[in-house]
Amino acid sequence: MRKTKDLLSNIFTYLFSSFGIIILFSILIFIFRNGLSSLSWKLITSDYYETTYTLKTAGKEEGTFTCPTLTADEYFSYRYGVVLKDSTNLVGEEVVEITYIAEDSPFLSLINTSSEEIVSLECGFNISKIVMSNDIGDYIYALGRGGASNMASTMDTSNIITDMVASEGGGGIRGSLISTLYLILLTLIISLPIGVLAAIYLNEYAPKKRFIEIIRGMIDMVAGIPSIIFGLVGAIIFIPFCNNTIGSSGGSIASGALTMSLILLPTIIKTTEEALKVIPKGYRDASLALGASKTQTINKVILPNAIPGILTAVLLSIGRIIGESAALIYAVGVAIKDTIKINEKSTTLAVHIWSLMSGENPNIATSCAISIIILLVVFTLNVIVKLISKKLNKMEVK
Amino acid sequence: TNNTTGANITVYTRDTTSGTRDGFFTKIGFSEAKEDNSYLVEGYVEVDGNGSMIAAIKNDEYGIGYISLSTLSSSGLKGLTYEGIEPTEANVLNGTYGLTRNFNYCVRSEFTDNKVEAIVDAFEAFLTTSDAKTTMIEKGGIVSVTSLDPTWDSIKANYPICNEDNSSVTIKFGGSTSVESMAKALSAEFSAKCGNFVAEHNHKGSGDAYKSTQGSEKDGANYLDIAFLSREFNESETPAQGTYGKMCIDAIVVVVNNSNSLDSITAEQIKSIYDGTITKWSEISN
Amino acid sequence: MNNVFSVKNVDLFYGEKHVLKNVSFDIPEKQVTAFIGPSGCGKSTLLRCFNRMNDLIPSCNIKGEIHFHDRSVQEINPIELRTRVGMVFQNPNPFPMSIFDNVAYGPRCQGMKNKKEINDLVVDSLKKASLYEEVKDRLKDNALGLSGGQQQRLCIARCIAMKPEVILMDEPTSALDPIATLKIEELINVLKEEYTIVIVTHNMQQASRISDYTAFFMLGEVIEFSSTISLFKNPKNKKTEDYITGRFG
Amino acid sequence: MNNVFSVKNVDLFYGEKHVLKNVSFDIPEKQVTAFIGPSGCGKSTLLRCFNRMNDLIPSCNIKGEIHFHDRSVQEINPIELRTRVGMVFQNPNPFPMSIFDNVAYGPRCQGMKNKKEINDLVVDSLKKASLYEEVKDRLKDNALGLSGGQQQRLCIARCIAMKPEVILMDEPTSALDPIATLKIEELINVLKEEYTIVIVTHNMQQASRISDYTAFFMLGEVIEFSSTISLFKNPKNKKTEDYITGRFG
Amino acid sequence: MFIDSEINNVNGLIKKMSSLVQSNIRQAIGLYLSKGDNEDTTINDEIVNQYEKLIDEVCIDILIKERPYSKDLREIFAVIKMVDDLERIGDHAEDIKNFSLKLRGTLEERNPEIDIMLDKALKMIDDAIESFVTMDKALAVKTIKADDEIDAMYDKIIESLTNYPIKSHTAQNFVIYTTLIVKYIERIADHATNIAEWTVYIVAGIFKDEIQD
Amino acid sequence: MFIDSEINNVNGLIKKMSSLVQSNIRQAIGLYLSKGDNEDTTINDEIVNQYEKLIDEVCIDILIKERPYSKDLREIFAVIKMVDDLERIGDHAEDIKNFSLKLRGTLEERNPEIDIMLDKALKMIDDAIESFVTMDKALAVKTIKADDEIDAMYDKIIESLTNYPIKSHTAQNFVIYTTLIVKYIERIADHATNIAEWTVYIVAGIFKDEIQD
Amino acid sequence: MEQLLSGAKLATNSAIKRKTTLDKAVHGVLFVITLLCASIIVFIVLFIVIKGSSPFLKNYSIGGNLYKVNLWTFLVGSEWYVYPAKYGVGFIIVDTFYVVFLSLLIAVPISVLTALFISRIAPKVIGKALSYVIELLASIPSIIYGLFGRAKITEGVKWVSSLFGYQSAGGISAMSTVIVLAIMILPTITLLSLTAINAVRDDIIKGSLALGASPTQTNFKLVLRGAKSGIFSGIILGVGRALGEATAVSMVAGNSGSGPSFNLFDTTRTLTSTMLLGLNETSGLDYDIRFSVGIILILMILLTNLLLTLLKRSIGK
Ligand SMILES: Nc1ncnc2c1ncn2[C@@H]1O[C@H](COP(=O)(O)OP(=O)(O)OP(=O)(O)O)[C@@H](O)[C@H]1O
Ligand SMILES: Nc1ncnc2c1ncn2[C@@H]1O[C@H](COP(=O)(O)OP(=O)(O)OP(=O)(O)O)[C@@H](O)[C@H]1O
Ligand SMILES: [Mg+2]
Ligand SMILES: [Mg+2]
Ligand SMILES: O=P([O-])([O-])[O-]
């Protein structure tokens, strides 16, 4: 009787928990399967916007170069001595990439159309178009989307390149990574002191009165508001506020940080309060009984012991900031940027994903790669915070 | 492997702010549904982007929808012949393929900054050059480049601003998301040709184009200097003379799942499908 | 014999609850006075009146007079009072900092800065609390690493470092094992040379063992206050007798 | 006199740590046997061997034989063993449910379903634990609302409801005040009519008061095991003498 | 209450021991009064000694187990003391018996005061024990007072014995033995006084020298 | 250790009391031996009684404060008992003094056995106290054994006294007082035995009837 | 007397006064800060209400026509069409509740049992690793869940619906929404349940085992029971997250224009997806009406929280 019941219960537990665990792992697997191939150091360090060069040749070139050994997808331009290859860039678009430039190739001495300076291309550059005009003034052009083969053969027609666009890099998330860090920093600078101080008030000073219960309830309510609402609030309050105060136009990291601060305050207050609650009452009594003032007690005894808890709050906050998209889409915007300023728009990694996914050509691979980066960041933070708080947790004796 | 017989048709549509949707319903003669879902067949699915559309129909062998021609080749979907005409660039250019729309642009009519104004002027001119047009083509636009088109080299003298260093000037681009990648390519190229001004792109949809340059939001937080539309201006959008223009054409393709045996469709059929007159695949014969 | 505290007709309420009822007696100087009585009879409450720790309980309301020497405690700033009237709690509660810092905490809070002075004070206090020998090699270690009994002696050292006149102890050994308890009892025996000690204890044997005077509380009243031996040998009051002979309840 | 448990040459290790060293003695039936000794000497550990609660500690490793009647405890299914050998812990640990459910918990776990039967059993157990009168009007109330002493008696009732032969108690009164302690002691005195009781206590007076036999432990060894009075009056071993006369440390 | 039952137990033992001692002393005195005629006494001091040991042990057990305070402690303490007195009374009963036996057949003239003293001593024992059993302080005090009379009589009797006309060896024996018997009676009264004093101690917590009234 | 110092304190008191008692008994015996010549004794039984009371009180205090177990308890218990014996010895010293005074000037022939008995009794007291002070079980046992000799001598002396030729009133007084003195000495030896027995109890935890060599 | 002096020397009068004043000042500052934190909710509600109530108060011109939304039809409406300004949120409320309820039905037992498994059954190392993984999953951006849902879950749902002979829109359906939501709240509920289960006092568990209860009985009868308040907190948080989740939901819900529909394989619409869909590009009435939906959403969340908290309290007794 008991045995069958136990057995049944156990079967249920194993079934459900393995179900849950499988689901959770399948998400991880999904992310890694799709994202791992796109994950590279380059993705993290490069700009989102490629550096674009508009170029032309110095004059008519007639050189014939000898073809190196080519692999599949590679094509050689005899006239210009470059090997072109069909490849994909970081964002997953098909591009034509230069994989070889012969010595003396004219591509090593092209002229920048605007500055008239000499530019030399390098392997790894992408060529997005080449425009030539023939003798009768018609345009002959080869485009990246036409493929390397087409471009190479077009180049080998005997015309002068009048307009050529080559680019380097692009598709990276450096900007978003930095702006994520900025946002985290700014948000914490705003919300952490306020949250911690409020928690101290609630836990250390607040009388046990209805009024305080109401205040607590109100703070709890904030925790229940979905982030999309905060997004709206950010859009109608903080964006104008920042525009008027720090000269931003439209959403900015600052307005995002203010919005995130609102979102995080309840979490920080709650977590800090939990940490404060764990501190034995004995410490407070002991300190006061030693003639310390309340302020001294808080400074010297309460706060140092709440640090692990506050760190947890920080961790939770960072996790939340990193994962948040709905609120930031409205409170900051979705424009990916490479140079990050606090009073300008930019995207966090999550919004970066959102941006990638909402375009005409959604890019799951890069999105998942960014997710992996997010996971790694969160994981590292987790580990660091746990290590630090273990180190700082004075109430635990090593 | 056509096993669609007898199955219901799932209708996919873009949301009402989409320029693609606008062009599609206008061209198939179902303008009522342009902005009003209530005309659509019961059980339609509204998706929020081209990518979602592709993903949805890829996953639904009974689905039908519409996407931009430029994304067809990479989408893995089957593009249907429309009124007997193959959806190709050539057919669009020669005017036989009817399901098309224009990519338009619109710039501010009033500027506070002279430099910005000068650069925007130059950009408008740049859009008429072969330089720009080849770039549009590279990004999927359909436009013919003829010897009549000037090169930027040939006209840049008219725009002395481009000889200056503009790296401290920010130009705000925005509007249609369909045009976004094209716009980015154009701005990147033009920036290189015009003193390296900073191009800031914030594309949220065609609806922004007029609104954020000359309309209600033109002085709002998200104002734009140059904006794009993937549709025509509607009655309420009345840009000032000389502040807007057509850039190129984009074709819309009716798409079905690759497993669907259907190859072609007529405007009439599409309308019937979208308004619910036809609900089963079996009712459409090739 | 001088009295350090003199309690006169004290009534104490927690909200509506009448917790101390017309309590009057004196705490003699440099003697150990023990408070005994059943749980909830108000022993700790009265003890907390002596250093105004009851101020921290908002619902607490005191009537009557408690004098510390010649001043009413209500007129003495609590911070001053608490520097002069130290307290040791039931559960050893050293701060989670080094042993040294624990002892230096109070003086530092009072603004003592001079390193040497602090150092001497710490060593001296630890010696007085008979802890110095056991911890002298690890003054920088976390105080929580000490055993329960050592922790409690540290708390006493911490208290002594304030150079108080009185040390209040609220069941200081109830969380300790018999060996540690014995050490604390011995310490109290030594400390009473220098300090006035008031101790709350559940343990009648402890009261009889270490105290010179004993106050027996019941339901908020002081039933009997007299010299410890006479209270245990020959209590005046039947209630006291019943309690100490285990004939309660 | 019959023996309920018989401990033969038991050595116990927690990992590398040798916690019980060659312990041998018998626990007589329907008597109170007390374990005393300094903290950490292994009293609780041996107690936990009797109902195999040590099984829950992975690093625990037992050598030697402990017999429950004629079977080695290692051969008895722990669930069966624990229904026959009840345990009461140091801190009262009633389950966070109603008083009734607390007592009914064990029998229900054994599959008892009949409402009436359960009801009778609960009432009976509460009566035996001398708690019934105090709680009969609020059997449906949460057990956590009881006072510490009542909670501990509830835990005893909960244990009795299993109709065990033996009740193991690990410092059952160390968290209680003197009055509650006295009640439990009286209860133990009554219970020994029906049950074999093994009790760990820090309190020598308690051991001397309620137990018939006392085992004195030190550093994992049983230094002396004999009748309580003779152990306290005239211990055989110098270590025992030193411990009970407070001459340790 | 454990301690109540323990103390009851002790009191019970004391009572039993007392009545045994009382019976012994009565028999011994009876023997003396009957001039040694009544030979078959059942005086058994061994049992009294056993009681003494038992009560001592029980008191130690109580000290170990109950750790008494206040009245309980005083009671145990007094019992520990008192049991010695009882035992000594028992001893003296045996002594009186022995000397009474030696006086058997003597026709010497007995001092009638001795009979009175014997009566008084018996009364004192009874009163002392009664006062303990009933915890009657007044009776105890009265008993203590009574000892003065005994002492006075003792002096007088010894005086009279020194004046007793010794005409024969028997007379000499008679004087010596009677002296000892009287001495024992005086001791018995002393012990009875002690018992009464301990009773006062239990009840009032004061030692003998503090007893007024 | 509190209890150590407390017990030391008690032991100290016992020692002081003992030496007082020893000095008293020595003086009393000296008085007897000097045939009452040496009149200025400093025997003060009152101080002995004060000691008894003090030690009783201290023991009770220890029972209250220290709650002794094991040897400590036995020691306190034994002290409580023993102090009575000491006090009684003190009493008897006074008694002996008084009767010795009464024997002053008597020229009756003293039984030399009495002197030996006195010596032995003194030795017993000294030994008993010494055994307690040094917790020397062997000495205590020896002391206990010695009591048998005293008892034997006592019987013999009483016997001889009954045969003492009474020729005068003085002789009669002499016989009676000597009887009492001898009786006291016998009692003193008994009390010394008791002290030794309690010493054995403290050391070995066994009562007197369990003492085998 | 010397003692007295030295005690007093440590605490000079002026220093004590300074301390006391500082204490008061700190108290005041902290109080103001706390009030500020509490007032956030007021600001949020205030702004949303101001903005969200204007569709019912003000006329908007659309295509030359003036529109104003009727509050009643808004509340009970069964259609949501941007043009011609047919805004009925009633069916969306029903659909939202339906979807959230079902997702809880799935997520709660799974999370609770997973937490139980991690805390009490799995070997320590594995349990620790798993709880790490779950913590990580809690911080994955929701759009990734949306992606996963659109890529994998819809496929599964499509397959299941075809088993039932029902043709779903490529799996885009209420069912997918339910599953995506369930997965999203899984880490939240699991983590909180885990905390609650871990917090069940060890001595109670030992007490149960010592009574001869089997480990399984202990887990189910005692541990889960003891942790129920914490589990409930987890559920409350989960409900909040489910109700408030926007990005992922709008990717798999299908955003049907009318309803309510209880068919799991039909498309559905939630309040958040309604707010999110096309929000970027709209203005005027269509923009403001989303704030009205926001009011509804806030109300719903606050109400459910309130209800659940009350329920928790009554169960917790
Ligand atoms: N902060 C408080 N608010 C309300 N009542 C309180 C408070 N503190 C204590 N009491 C009540 O006051 C009474 C006396 O409490 P106090 O702590 O002084 O008792 P105690 O004698 O020290 O008991 P114990 O021996 O259990 O420590 C008790 O009934 C208690 O319930
Ligand atoms: N789970 C464990 N793992 C390792 N060592 C343990 C464990 N439990 C107890 N010990 C060690 O075993 C020894 C005996 O512990 P035990 O709890 O039996 O002592 P005790 O006599 O009951 O002490 P106390 O009176 O403090 O309860 C101690 O040194 C303790 O540190
Ligand atoms: Mg208290
Ligand atoms: Mg233990
Ligand atoms: O559909 P769009 O309006 O973004 O082009």
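In short, a report on the structure. (Residues numbered from 1 in each chain as written. Chains lettered and ligands numbered in written order. Predicted model: local features only at pLDDT ≥ 70, side-chain atom pairs only at ≥ 80, totals over all residues. Heavy atoms only, no water.)

1. Focus: the pattern of salt bridges
Then, number 1: For the coordinates displayed, the defined rule picks out 89 salt bridges over all chains.
Then, number 2: The residue K81(F) makes a salt bridge to D84(E) at a minimum N-O spacing of 3.2 Å. With one member in each of two chains, K81(F) in helix α3 (residues 70-102) and D84(E) in helix α3 (residues 70-102) form a pair that bridges those chains.
Then, number 3: Take K81(F): its relative accessible area is 1%, and that puts it in the buried class. (Salt bridge = Lys/Arg side-chain N within 4 Å of Asp/Glu carboxyl O. Helix = DSSP H or I, 4+ residues; strand = E, 2+ residues; numbered from the N terminus. Buried < 20%, exposed > 50% of the residue type's maximum accessible area, 1.4 Å probe, protein only.)

2. Some thoughts on unusual backbone geometry
Then, number 1: Despite not being glycine, D104(A) shows a phi value in the positive range, around 70 degrees.
Then, number 2: Mapped onto the secondary structure, D104(A) falls in the loop between β4 (94-101) and β5 (110-112).
Then, number 3: By relative accessible area, D104(A) is classed as exposed at 67%.
Then, number 4: Even without glycine at this site, E171(D) takes up a positive phi of about 45 degrees.
Then, number 5: Considering the arrangement of structural elements, one finds E171(D) in the loop between β7 (166-170) and α7 (178-191).

3. Topic: the environment of V175(E)
Then, number 1: Examined against the element boundaries, V175(E) turns out to sit in helix α6 (residues 169-204).
Then, number 2: Separated by 13 residues in the primary sequence, V175(E) and T162(E) have C-alpha atoms spaced 8.0 Å apart.
Then, number 3: Among all residues touching V175(E), those that are not within four sequence positions of it are L161(E), Y164(E), I166(E), Q172(F) and I176(F). (Contact = heavy atoms within 4.5 Å.)

4. What about the sheet that holds strand β1 (residues 3-14) of chain D?
All names here are of chain D.
Then, number 1: Across the sheet, 4 strands lie side by side as β2-β1-β4-β5; this open sheet has antiparallel pairing. Looking along the sheet, the strands with just one partner apiece sit at the ends: β2 (17-28) and β5 (71-72).
Then, number 2: Of the strand pairs in this sheet, β1 and β2 are connected by 8 bridges, and their pairing is antiparallel. Across the sheet, the residue bridging to S6 is D26, located in β2.
Then, number 3: Packed on one face of the sheet, helix α1 (residues 43-50) meets β1, β2 and β4 (60-68) and runs near 120 degrees to β1. (Pairing = 2+ DSSP bridges. Axes fitted to C-alpha atoms, helices over the stretch in contact; angles between N-to-C directions.)

5. A word on the arrangement of the chains
Then, number 1: Contacts are most numerous between chains A and G, taken over all 13 pairs of chains that touch.
Then, number 2: One finds no contact linking chain A with chain E; the least C-alpha distance across the pair is 34 Å.
Then, number 3: If you take every C-alpha in chain E and every C-alpha in chain G, the smallest gap between them is 30 Å, and the two do not touch.

6. A closer look at the interface of chain A and chain G
A common way to report how large an interface is uses the accessible area buried once the components associate.
Then, number 1: Taken together, the contact pairs 72 residues of chain A with 72 residues of chain G.
Then, number 2: Buried area between chain A and chain G, summed over both chains or domains, comes out near 6,600 Å², and the portion from carbon and sulfur atoms is 80%.
Then, number 3: Scanning the region where chain A abuts chain G turns up 1 salt bridge.
Then, number 4: Of the charged contacts in the structure, one is a salt bridge between E135(G) and K386(A), with a shortest N-O distance of 3.1 Å. (Buried area = accessible area lost by both parts, 1.4 Å probe.)

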